[in-house]
Amino acid sequence: MLIVMKMGASADQVSQVVHEIESNGLKAHPIPGAQRTAIGITGNLGVIESGWFVSMPGVLEVIRVSHPYKLVSREFKPEPTQFEVRGVPVGGENFLVIAGPCSVESYEQTRSVAQKVKESGANMLRGGAFKPRTSPYSFQGLALEGLKILARVREETGLPIVTEATDIDVLDQVAEYADVVQIGARNMQNFSLLRRAGQCGRPVLLKRGMSATLKELLLAAEYVLDQGNPQVILCERGIRTYTDHTRNTLDLSVVPAIQEISHLPVIADPSHGAGVSRSVLPLARASVAVGADGLMVEVHGEPEKALSDGDQALVPTEFDQLMDEVRELALVMKRKIPVAVGA
Ligand code: PEP
Ligand code: MN
């Protein structure tokens with residue numbers, strides 16, 4: 001249920017409604033908007049009696065929300081979610097470009113890629129320190145050492161860092177170093193991890209599971225928001241289909257479908273979406289054109305030597321070309337590509 005406050009309702013009236021909700025054993029989520037404040041209610045298993053709220057001072061109307069997703073929905077919050085990560089604005093008209101290696105392999109490798117993607121116009125750096133690998137014998141990431149490398153490279157480049165927490169045991173440690181905590185495709189429905197991510201105090205990049213529906217993705221995000229963290233970026237990273245010309249199929253149709261229902265920013269990852277480097281540029285172009293709020297692209301100085309996902313990595317010169325094209329398309333789509341500040 002959603003309680004919409006009148007325009008100009010006082011902070012006191014909002015607190016009274018919040019108090020009333022909480023004293024009924026439910027959770028209140030005040031959502032300040034451009035026009036008015038709304039207060040979402042979650043935690044109810046059945047139907048809530050709305051009569052009492054309607055008569056409270058400052059309340060305009062009470063809306064029943066029939067969809068299973070609530071806090072992520074445009075019914076709860078019509079305006080697009082926007083926030084800043086170390087001065088980089090995310091959402092709205094801003095176009096986010098997260099680039100970097102699949103895995104942090106060494107300080108030198110990470111620093112060199114970071115400097116190059118920054119020069120090309122990326123505004124955040126990615127790199128996995130904890131890697132979810134299909135085989136237990138594959139490179140699993142540098143763990144804490146990897147996080148420290150990322151932090152050092154952030155100091156040197158000013159690029160905010162996006163890195164994955166693969167497990168609830170490492171989430172707090174990752175959140176200590178990361179500017180954005182990534183929850184990977186394989187963990188999209190790891191509900192305890194999602195809850196902890198909702199409590200970690202950092203924005204969350206939530207990647208769509210490779211077999212997840214739009215509804216499942218939005219409900220996974222709902223777990224994070226329900227813990228009081230509204231700063232979630234959704235990411236389409238390709239789904240499993242019967243095709244074998246690429247590793248996955250980038251489902252770009254999900255982008256406008258999400259944007260219709262949800263206020264959360266949604267970006268596309270053409271690297272995992274394709275799994276092969278030759279498809280990354282065309283899919284990146286298409287992602288901008290379909291209206292995505294950003295891109296995540298894997299870049300490596302020597303893809304043939306990469307410890308993970310070398311097949312899909314662009315070399316820095318290819319990424320530079322990608323950015324030239326993305327900039328032109330972003331202009332057509334009336335998007336701004338913010339520049340990372342600092343260093
Ligand atoms: C990654 O971003 O390197 C990654 C492992 O992504 P996904 O969870 O989409 O496979
Ligand atoms: Mn990868």
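These notes cover the structure that comes with them. Predicted model only: the values in this text are computed from it and were never measured. (Residues numbered from 1 in each chain as written. Chains lettered and ligands numbered in written order. Predicted model: local features only at pLDDT ≥ 70, side-chain atom pairs only at ≥ 80, totals over all residues. Heavy atoms only, no water.)

Time to look at the overall build of the chain. Scanning the chain from terminus to terminus reveals 11 helices and 14 strands. On C-alpha atoms alone, the chain measures out to a radius of gyration of 21 Å, which is about the 20 Å that the 2.2 N^0.38 rule sets for 343 residues. When the backbone C-alpha atoms are referred to their principal axes, the chain occupies close to 65 × 45 × 45 Å. A burial count over the chain gives 55% of its 343 residues as buried. (Helix = DSSP H or I, 4+ residues; strand = E, 2+ residues; numbered from the N terminus. Rg over C-alpha atoms; globule rule 2.2 N^0.38 Å. Buried < 20%, exposed > 50% of the residue type's maximum accessible area, 1.4 Å probe, protein only.)

Attention now moves to the pattern of salt bridges. Enumeration over the complete set of coordinates arrives at 16 salt bridges. R247 is the partner of D309 in a salt bridge, and the nearest nitrogen-oxygen pair spans 3.2 Å. Of this pair, D309 sits in the loop between β14 (294-298) and α11 (316-332) while R247 sits in the loop between β12 (232-236) and α8 (254-261); the two residues are 62 residues apart in sequence, bridging distant segments of the chain. Accessibility expressed as a relative area gives 40% for R247, which makes it partly exposed. Because the salt bridges share partners, they merge into one network encompassing R86, R154 and D179. (Salt bridge = Lys/Arg side-chain N within 4 Å of Asp/Glu carboxyl O.)

In this structure, C102 (SG), H272 (NE2), E298 (OE) and D309 (OD) serve as the protein donors to the manganese ion (ligand 2), at separations of 2.1 to 2.4 Å. Between consecutive donor residues of the manganese ion (ligand 2), the sequence gaps follow C-x169-H-x25-E-x10-D. Linking C102 in the loop between β7 (96-100) and α3 (107-120) with H272 in helix α9 (residues 270-274), this pair joins segments that are 170 residues apart in sequence. Neither residue differs from the other here; C102 and H272 are each classed as buried. (Donors = N, O, S within 2.8 Å, 3.2 Å for Na, K, Ca; no water.)

Once that is clear, we can look at the sheet that holds strand β2 (residues 27-32). Strands sit in the order β2-β3-β1-β4 across an open sheet of 4 strands; the sheet is antiparallel. Edge positions in the sheet fall to β2 and β4 (59-63), since each of these pairs with one other strand and no more. When the angles between neighbouring strand axes are averaged without regard to direction, this sheet yields 20°. Bridging between strand β1 (residues 2-5) and strand β3 (residues 37-42) involves 3 bridges; their strand directions are antiparallel. In the strand pairing of β3, I3 is matched with I39. With respect to the sheet, helix α1 (residues 11-23) is in contact with β1, β2, β3 and β4, its orientation differing from that of β3 by roughly 5°. (Pairing = 2+ DSSP bridges. Axes fitted to C-alpha atoms, helices over the stretch in contact; angles between N-to-C directions. Contact = heavy atoms within 4.5 Å.)

Turning our attention to the site of ligand 1. Residues in close proximity to ligand 1 total 13 residues, the closest being R126, Q182, A185, R186 and R237. Contacts to ligand 1 include R186, whose side-chain N or O atom sits 2.9 Å from an oxygen atom. One of the side-chain N or O atoms of E298 is found 3.3 Å from an oxygen atom in ligand 1. Burial of ligand 1 by the surrounding chains reaches 97%, relative to a free accessible area of 300 Å². Residues that form the shell around ligand 1 fall into these classes: 3 nonpolar, 3 polar and 7 charged. (Near = heavy atom within 4 Å. Polar contact = N/O pair within 3.5 Å; in protein donor to acceptor, adjacent residues only side chain to side chain. Areas by Shrake-Rupley, 256 points an atom, 1.4 Å probe, with all protein chains shown as cover. Nonpolar A, V, L, I, M, F, W, Y, C, P; charged D, E, K, R; others polar.)

For the rest of this paragraph, the subject is the side chain of R126. Turning to its location among the elements, R126 is positioned in strand β8 (residues 124-126). On the basis of relative accessibility, which here comes to 2%, the residue R126 falls in the buried class. Reaching out from R126, the side chain makes a polar contact with the backbone oxygen of P101 at a distance of 3.0 Å.

The geometry of helix α6 (residues 191-199) relative to helix α7 (residues 214-226) is characterised by a closest axis approach of 7 Å and an angle of 45° between their N-to-C directions. The orientation of α6 with respect to α7, classified from their angle, is oblique. The way α6 lies across α7 gives a crossing that is right-handed. Contacts between α6 and α7 involve F191, L194, R195, A197 and G198 on the former and, on the latter, A220, Y223 and V224. Of the residues in the contact of α6 with α7, the class split is 6 nonpolar, 1 polar and 1 charged. (Parallel < 35°, antiparallel > 145°, perpendicular 65-115°, else oblique. Left-handed = near helix turned anticlockwise from the far one by under 90°.)

Let us look at the nonpolar core. L206, L234, F319 and L322 are the most contacted members of the largest nonpolar core, which has 91 residues in total. For this core, the leading source of residues is α7, giving 7 residues. The residues contacting L234, other than those within four sequence positions of it, are L206, L217, L218, A221, I258, L264, P265, V266 and I267. Counting residues in each nonpolar core, the second largest holds 15 residues, with M1, V18, I39 and I48 among its members. (Core = buried A, V, L, I, M, F, W, Y, C linked by side-chain atoms within 4.5 Å.)

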